[in-house]
Amino acid sequence: MEAADVIIRAGHILTMNDSLDLYRDGAVAVRDGRVLAVGPEEEIDRLYFSEKSLGGENAVAFPGLVNAHTHSPMVYFRGLEDDLPLKVWLEEHIWPAENRWLSPEFVSDAAGLACIEMLKAGITAFGDMYFYGDAIAQTARKNGMRAVVCSGILDFPSRTASSADEYLRNAETFIRDWKDDDLIIPGVAPHAPYTCSPDTLKRAKELSGKYGVPLHLHLSETRWEVQEVLTRYGKTPIALLESIGILDKSVIAAHCVWPTEEEIGTLARTGVGVVHCIESNLKLASGIAPVVQMLAAGCRVCFGTDGAASNNDLNILSEMSTAAKVHKAVAGDPTVLDARQALLMATRWGAETLGIGHLAGSIEKGKSADIVIASLNRPHMVPLYDIYSHIVYSMHPSDVSTVLVRGRVLMEERRLTSADEAGIIRKAVEWGRRIRARET
């Protein structure tokens, strides 16, 4: 028998591998942060032993959820301004607030709150686009989370830079500083085709290619954006990006609410990762992305929460549930976006979109042990007929009991081991007092 650092046991283990293997009364052996083996519990117990065991028969284990598009520090603007269209909300309220409040300290403290909110909801990896990337990366790393942190770029001044040149210089410095980290992947994030000129977008793409890192942007989020870009450049946002050579597998495209049928084919052909942020899109009345059509065309689609200022939480479980239900109603077909596909989008496809699919997103031998254990011993989780259905349609963040990243236990039985939850919440309350006194 081989020694393992920990053995995870569960009544159901969902691997989310290519075959979607599922083990009843299964187990996962973990050593040195990686999966040694996964399979039936009796088989794992014949081959491996460990002094530490997690889970149990009334539990389900599955790969850590992936939040592929968020702006983590915006948790400090949660509820600051609601019930407004995107353009008004962003330009008249959020951007002015950011110009008043953003600093490395603000971003670090806010990202800390976002990290513990995500961990307690079973999210082990996230794709972030914001400013002061060092503060976000350091905070994610301190909390043990996996993150793809992309440095924000605009064509107009903000607290963080005075010009596109300065944003790009900052992004390159950030990428150089973090490109060899084992938990954090740096990247570049031109905000959108209506806030970054074609020249800025091309320069951002050159930077992405130079270092082999992701390029993360908002794309075709609103009708207004599509019309604005069409008026300026004679092309829709997706067509514009294709014409200047931006689109490929390194691109993480958030929203994609208003692609044409031809543009859906373009996204599929170029291998762009599409991040569906349905709850933010619904709340801002931006529209409903044609996800069923994108999936049918072969697009890789996953889930993101967007920032908590427009959602207003960081909960991929609810994104899955909302998306699966809404797209059934839109299509008039209850069979589309079924529970298995929704969970696949929230795990393996999310990891692949962020460029970490070789490390995370499924429970397989040799992969990082980024694993969530959730309780099935809840009133809303019994009786049990289909485990995928229960996770997508019934599970709450509070059902998540234990979370591991690289085999390190970051939360056990709802208690965070990597962060001072009470201290982080106290900081958030104090920041909230200051912001409320100035903004309202």
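Further up the page is the structure itself.
The paragraphs below set out a description of the structure included in this document. (Residues numbered from 1 in each chain as written. Predicted model: local features only at pLDDT ≥ 70, side-chain atom pairs only at ≥ 80, totals over all residues. Heavy atoms only, no water.)

## With respect to the overall build of the protein chain
- Counting its regular elements, the protein chain contains 16 helices and 18 strands.
- Compactness check: the protein chain gives a C-alpha radius of gyration of 21 Å against a globular reference of 22 Å for 440 residues, within 12% of the reference.
- Counting only C-alpha atoms, the protein chain reaches 65 × 45 × 40 Å along its principal axes.
- Across the 440 residues that make up the protein chain, the buried fraction comes to 61%.
- If you take every contact in the protein chain between residues at least 6 apart in sequence, the share linking residues at least 24 apart comes to 73%.
- Accessible surface computed for the protein chain: about 16,700 Å², of which carbon and sulfur atoms make up 48%.
- Side chains of the protein chain give 45 positive and 58 negative charges; the mean places of these two sets differ by 3 Å. (Helix = DSSP H or I, 4+ residues; strand = E, 2+ residues; numbered from the N terminus. Rg over C-alpha atoms; globule rule 2.2 N^0.38 Å. Buried < 20%, exposed > 50% of the residue type's maximum accessible area, 1.4 Å probe, protein only. Contact = heavy atoms within 4.5 Å. Areas by Shrake-Rupley, 256 points an atom, 1.4 Å probe, with all protein chains shown as cover. Lys, Arg positive; Asp, Glu negative; His and termini not counted. Charge placed at Lys NZ, Arg CZ, Asp CG, Glu CD.)

## As for the packing of aromatic side chains
- By the definition in use, this model includes 10 aromatic pairs.
- When the centroid spacing of 6.0 Å and the interplanar angle of 40° are considered together, the rings of Tyr76 and Trp431 count as tilted. Of this pair, Tyr76 sits in the loop between strand E7 (65-70) and helix H2 (86-101) while Trp431 sits in helix H16 (residues 421-439), and the two are 355 residues apart along the sequence. Grouping residues by exposure puts Tyr76 and Trp431 together as buried.
- One aromatic cluster is present, built from ring pairs that chain together Tyr76, Phe77, Trp101, Phe106 and Trp431.
- Looking at Arg434, its charged tip hangs above the ring of Trp431, at a distance of 4.1 Å from the centre. (Phe/Tyr/Trp six-rings, centres within 6.5 Å; stacked < 30°, edge-to-face > 60°. Lys NZ or Arg CZ within 6 Å of the ring centre and 35° of its normal.)

## Some thoughts on a negative patch on the surface
- On the surface, Asp25, Glu42, Glu43 and Glu57 cluster together into a negatively charged patch.
- Looking at the element boundaries, Asp25 is found in strand E3 (residues 22-31).
- Judged by relative accessible area, Asp25 falls into the partly exposed class, the value being 45%. (Patch = residues over 30% accessible without salt bridge, like charges linked within 9 Å, V, L, I, M, F, W, Y side chains within 5 Å. Salt bridge = Lys/Arg side-chain N within 4 Å of Asp/Glu carboxyl O.)

## Quick notes on helix H4 (residues 133-142)
- Buried within H4 are the following residues: Gly133, Ala135, Ile136, Ala137, Thr139 and Ala140.
- Gly144 sits one or two residues past H4 and shows a positive phi near 80°.

## A closer look at the pairing of strand E9 (residues 146-153)
- Across the 8 residues of E9, 8 count as buried, placing the element largely inside the fold.
- Pairing of strand E8 (residues 123-130) with E9, which is carried by 6 bridges, proceeds in the parallel orientation. Of the residues in E9, the one forming a bridge with Asp128 is Val149.
- Relative to strand E10 (residues 184-190), E9 runs parallel, the two sharing 7 bridges. Looking across to E10, one finds that Ala147 is bridged to Ile184.
- Where the polypeptide runs from E9 across helix H5 (residues 164-178) and back to E10, its parallel neighbour, the crossover connection is right-handed. (Pairing = 2+ DSSP bridges. Right-handed = clockwise from strand over helix to strand, strands pointing away.)

## A look at the pattern of salt bridges
- In total, this model carries 27 salt bridges according to the counting rule given.
- Of the charged contacts, one joins Arg203 and Asp165 as a salt bridge, the two residues approaching to 2.7 Å between their closest N and O atoms. Remark: Asp165 occurs in helix H5 and Arg203 occurs in helix H6 (residues 198-211); sequence separation between them is 38 residues.
- A salt bridge links Asp399 to Arg378; the shortest N-O distance between them is 3.3 Å. Of this pair, Asp399 sits in the loop between helix H15 (387-393) and strand E16 (400-405) while Arg378 sits in the loop between strand E15 (371-375) and H15; the two residues are 21 residues apart in sequence, bridging distant segments of the chain.
- Exposure remark for Arg378: the relative accessible area of 28% places this residue in the partly exposed category.
- Through salt bridges that share partners, Arg141, Asp181, Asp182 and Arg406 make up one connected network.

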